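Fold and contact review
Here is what each chain is made of, one letter per residue.
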Amino acid sequence: MEVIPYFLTGLIIGSIYGLITLGLSLIFGVLRVANVAHGSFVMIGAYVAFFGFTLWNMPPPVAAFGALALGVGLGALVYYVAVKPLMRAGELNILVALFALGLLIAEAARMVWGPDFRGYAWSIGSLSLGALVVELSKALGALMALAIAVALELLLKRTYFGRAVRAVVQDPVGAQVVGIDVEKVFLLSTAIGIGVTTMGGVLLTLFIPVGINPYMGGIYTLISFVIAVMGGLGSIMGAYVAGLLFGVFQSVGYYVFSLLGFAQPFEMALFLAFLLLLLILLFKPTGLFKI
Amino acid sequence: MKPHIPIGIYLALMTVAFVAPEYSKLIASVAFFMALGQAVNIFIGLTRYVDFGYVAFLAMGAYGVGVVLTYLPGLGLAALPIGMALGVAMAAGLAAAVGAIALRLRGAYFAIATIGVNEGIKHFIVGANIWGGGAGLILSSAMFREFGRETALFLANVGSTILILLTGLLAVVAMYLIQSGKAGYALAAIRQDEDAAKVMGINSTKYKLMAFMTSASLSGLLGASYFAVGNMQVFPENVFFIEYILDGMAVMFLGGAATVTGPIVGGVIYYFTRDLIGTVWPGAQALVTALLVFIIVVLLPRGIVGTLRLYLPPKARELLP
Amino acid sequence: MTLLKVENVVKKFGGLRAVDGVSFELAKGEFLAVVGPNGSGKTTLLNLINGVYKPDEGRVIFDGRDITDLPPYKRAKLGMSRAFQVPRPFPESTVIENVMVGAIFNGGYDLRKAREVAEEALRYVGLYEKRHELAGRLTFNELRLLELARALAGNPKLLLLDEVMAGLTPKEIDAIVHLIKRLAEERGIAAISLVEHRMRAVAQLAHRVIVMHQGKVIAEGPPEKALNDPKVVEVYLGRPWR
């Protein structure tokens, strides 16, 4: 029974993890590109939240939409500079280029904003549910993440763009033949994917009070890939649900490892996550469930 | 192919390091990048698969020596070869474990699978607090005790340089052996068209694993030489430093992937470029490296030696493998 | 002597039965042409024999061995060579290096013998002069010949030819047809060739013809007989072939 608060906090942060992963899954699903620079956009979103709040008193939910717009622009830029020229060059080139890009962004951030850890605190009160205290800011963040995930899913299932995307995913050549501008689908998917990721970075800061730094992205690239693979690369709702699962897994795992006496339960939980990734890739690379 | 030039270069550098110890640390720094590029080349260059967790192999090598020196006292000078052997074995073992699972996967999935390896192992060591945990291992006192002060300092200064160069040389030898045998043909086929290769009778997993383990072992040797012996310390933040894979790829791509002389040229250019940036714009090395790798991969994917080789007559091409 | 036996193989993709219960036998040194329009299941059948797909039902028996579960690279070592419809050379390797891959891994020769075998195969198809060229620089017809040379160097008992006539001029087709006939007569190599058009070539080439339609075999026998079978005429040709 003591585990229930951990379960709930796990769900809440899992919602954010899900949001952060949506973009990665979308880009892989549509372009078959593993965006190994993914975490750096989370980092950018985090800094947007930080500066938004400290410079202009912008509440994070508002900053989130600013980050979305910024991220979409960045995504378009990344598409033209890195993705489009290398689509034909082979997997190695594009993976390496994106990897370099990710580190480039982190280093640039360090040079512009300094290596120090930043943080801020935004509180709108909390809610008591018996023994459990839930901070409303976090709950709001989690709900926003859910809303975005649903919105994206609806975009893909109910709009012309969404149908075009699904056509491209199934058969890029065939999609071209029926008149779909595949290039535009690639561009928009990349832009939206990175936009949503950046937005996720903003909401993430509600959970990491003093953890904003240029190198924070790496761990989230990792976590996002685990979640994306779990949920099935290319599936939006799959990524979101897997995010929830991962959040719970991490939170409950933390509880279990501290009970077992590990000095660094967070680290151990992460290690398990990586093992999980290997196992899933080996046995169920299409994801744990079909959504 | 004739490996005389690359082997000659390594032997010459070893002589210099031995004869003029004041240059030893400089040579070590340059040679580190050369050897790293050679080792990375054996896997990434020959198979065109990317392993983002690669740095873990360097770390395994370093910990091999570190663990022996810290937890097995009384071995005297023998601790060094034993530690290095252990480090290489651990690196190779890790490659075997990861490779057996992940090399069945294709390109992007393999890269994804490896992303976690480096971080995973680091988190395990820190989280379970083994091998010094987050604080790492300091080896200087153990080295003084086991080897004697004079020898220990010599090893740290000159010995490690020679070991690093030896790694590079062994990598050249390994490349030579691979490329001149069946494996060379298999790997060429796999990196150009893996599906066709399989249909033609090539067991692609076997050859990929072979390249992977060879590359990992050499990196283990490098890690042991550079960190454990050279710096006399093993810190998780240093040995698992993810930028090293970027460095390795920079050297490899700059010189020319899948060539033998490429990483030598690449290593030299890379080191001095970084050094120059360090004086002109301190703190920006990593940024420039990342930018450099990005540009090379987009604009000059064959690298300097690779592109040069295309224009050479066949006889000259043989001498610049 | 039966070299290949395909027993009631079925391959489904989702709800589609691409190959729907196909059975036939192939003797050593025999040439079989598989005729059928797009979507009839020819390439899937070839993929099943080659090991690229595993059948959902049925068995494939090669040289007396049940190979149904063997992966492609093991089947290659047992004596199957495949030439792809769209040539898949290794573009950065030279012509002879390309052929040597077939010789070493398909044929199982050591490096020195592989070079000899590769040179011989290149002479056979007429590409010997171009052996040091990068494969990526060859013309389409030359790439076809390269595919054949590579398959040949693999010391095959069975050649799997996937529509190797497509995109060639009549003269080029003639040359390849004669080449393949020589292989059958001089070396006893059996072949399965997928054919769509070029009826004349089929008739000259094959000892036997199988006609496929919607995953099933609708006619079988010597060319004149199978191609004039009323079912075939109705489905595919429209009028009797002369």
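Residues numbered from 1 in each chain as written. Chains lettered and ligands numbered in written order. Predicted model: local features only at pLDDT ≥ 70, side-chain atom pairs only at ≥ 80, totals over all residues.

1. Section: the overall build of chain B
To be explicit about the condition: Counting from the N terminus, the helices are the DSSP runs of H or I reaching at least four residues and the strands are the DSSP runs of E reaching at least two. Radius of gyration here is computed from C-alpha atoms only, and the compact-globule reference equals 2.2 Å multiplied by the residue count raised to the power 0.38. Residues are called buried when their C-beta atom has 20 or more other C-beta atoms within 10 Å, exposed when it has 12 or fewer, and partly exposed otherwise; all C-beta atoms are positioned from the backbone. This entry defines residue contacts through backbone-placed C-beta atoms, with two residues in contact when those atoms are within 7 Å.
If you tally the helices and strands in chain B, you get 16 helices and two strands. For 321 residues, the compact-globule estimate of 2.2 N^0.38 gives 20 Å, and the C-alpha radius of gyration of chain B, at 19 Å, lies within 12% of that figure. With the C-alpha coordinates of chain B rotated into their principal frame, the extents come out at 55 × 40 × 40 Å. Within chain B, buried positions represent 58% of all 321 residues. Pairs at least 24 residues apart make up 79% of the contacts formed inside chain B by residues separated by at least 6 positions.

2. Regarding the sheet that holds strand β5 (residues 65-66) of chain C
All names here are of chain C. The condition that has to hold: Strands are labelled as partners when DSSP assigns at least two bridges between them. Lines are fitted to the C-alpha atoms to define the axes, a helix being fitted only along its stretch in contact, and any angle between axes, read from their N-to-C directions, falls within 0 to 180 degrees.
What the four strands build is an open sheet, ordered β2-β1-β4-β5; its pairing is antiparallel. The outermost strands of the open sheet, each flanked by one partner alone, are β2 (16-27) and β5. Here helix α1 (residues 42-50) sits on the sheet and contacts β1 (2-13), β2 and β4 (57-62); the angle it forms with β2, its principal contact strand, is near 60°.

3. Things to note about the interface of chain B and chain C
Taken residue by residue, the interface counts 14 residues in chain B and 21 residues in chain C. For the side of chain B that touches chain C, the secondary structure elements donating two or more residues are α8 (182-192) and α9 (194-199) of chain B.

4. What about the domain arrangement of chain C?
All names here are of chain C. To be explicit about the condition: Domain boundaries shown here were taken from an automatic or database domain assignment. Polar here means any residue other than Ala, Val, Leu, Ile, Met, Phe, Trp, Tyr, Cys and Pro, which are nonpolar, and Asp, Glu, Lys and Arg, which are charged; Gly is therefore polar.
By the assigned domains, chain C splits into domain 1 (1-79 + 160-242) and domain 2 (81-156). Placing the centre of domain 1 and that of domain 2 at their C-alpha centroids yields a distance of 23 Å. In this assembly, 17 residues from domain 1 lie in contact with 16 residues from domain 2. For the side of domain 1 that touches domain 2, the secondary-structure elements that each account for two or more residues are α2 (72-78), β7 (158-162) and α6 (170-187). Per-element tally for the side of domain 1 that touches domain 2: the top contributor is α6, with four residues. Each residue belonging to the side of domain 1 that touches domain 2 can be placed in one class, and the counts come to ten nonpolar, three polar and four charged.

5. Looking at the arrangement of the chains
Counting contacts across all two pairs of chains that touch, the top-ranked interface belongs to chains A and B. The two units chain A and chain C remain apart, with a minimum C-alpha distance of 14 Å.

6. Things to note about the pairing of strand β3 (residues 31-35) of chain C
Residue and element names in this part refer to chain C. Most of β3 is tucked away: five of the five residues are buried. Taking every second residue as pointing to the same face, both faces of β3 are buried, with F31, A33 and V35 on one and L32 and V34 on the other. Across five bridges, β3 lies against strand β8 (residues 190-195) in parallel orientation. Bridged to A33 within β8 is S193. The pairing of β3 with strand β9 (residues 208-213) spans four bridges and is classified as parallel. From the neighbouring strand, A33 faces β9, where its bridge partner is V209.

7. Re helix α12 (residues 243-255) of chain B
Condition: Helix span, as expected, comes to 1.5 Å for every residue beyond the first.
Taking 1.5 Å of rise per residue, 13 residues should cover 18 Å, and α12(B) covers 18 Å from first to last C-alpha, within 8% of that figure. For α12(B), the full list of buried residues reads B:Y244, B:I245, B:L246, B:D247, B:G248, B:M249, B:A250, B:V251, B:M252, B:F253, B:L254 and B:G255. Turning to α12(B), the residues buried within the fold contact α4 (91-113) of chain A together with α2 (24-47), α3 (55-71), α13 (262-280), α14 (285-299) and α15 (303-311) of chain B. Just downstream of α12(B), B:G256 is the residue with a positive phi angle, here 135°.

8. Comments concerning the confidence of the model for chain C
Atomic detail in the predicted coordinates should be set aside for any region of low pLDDT. Residue and element names in this part refer to chain C. Note the following rule: The predictor attaches a confidence to each residue, and that confidence, scored 0 to 100, is pLDDT.
Residues with a pLDDT of 70 or more make up 93% of chain C, whose mean pLDDT is 83. Mean pLDDT across the secondary structure elements of chain C bottoms out at helix α7 (residues 199-205), with 61, and peaks at β4, with 92. The complex model carries a pTM of 0.83, and its ipTM stands at 0.83.

9. Brief notes about the sheet that holds strand β10 (residues 216-221) of chain C
Residues and elements named next belong to chain C. Taken in spatial order, the six strands of this open sheet run β6-β7-β8-β3-β9-β10, and their pairing is mixed. The open sheet has two free edges, formed respectively by β6 (80-83) and β10, since each of these has just one partner strand. Here the average twist between neighbouring strands, direction ignored, is 20°. Relative to β7, β6 runs parallel, the two being bridged by four bridges. When the bridges of β7 are listed, S81 appears paired with L159.

10. A look at unusual backbone geometry
All names here are of chain C. Of note, the phi angle at N8 is positive, near 50°, even though the residue is not glycine. Tracing the backbone shows N8 in strand β1. Positive phi outside glycine occurs at D63, with the angle close to 55°. Structurally, the position occupied by D63 is in the loop between β4 and β5.

11. Quick look at the interface of chain A and chain B
The interface is formed by 38 residues belonging to chain A together with 37 residues belonging to chain B. Secondary-structure elements contributing two or more residues to the side of chain A that touches chain B are α3 (60-86), α4, α9 (217-231) and α11 (265-283) of chain A. Per-element accounting of the side of chain A that touches chain B gives the leading share, 14 residues, to α4(A). Tallied by class, the residues present in the side of chain A that touches chain B amount to 30 nonpolar, five polar and three charged.

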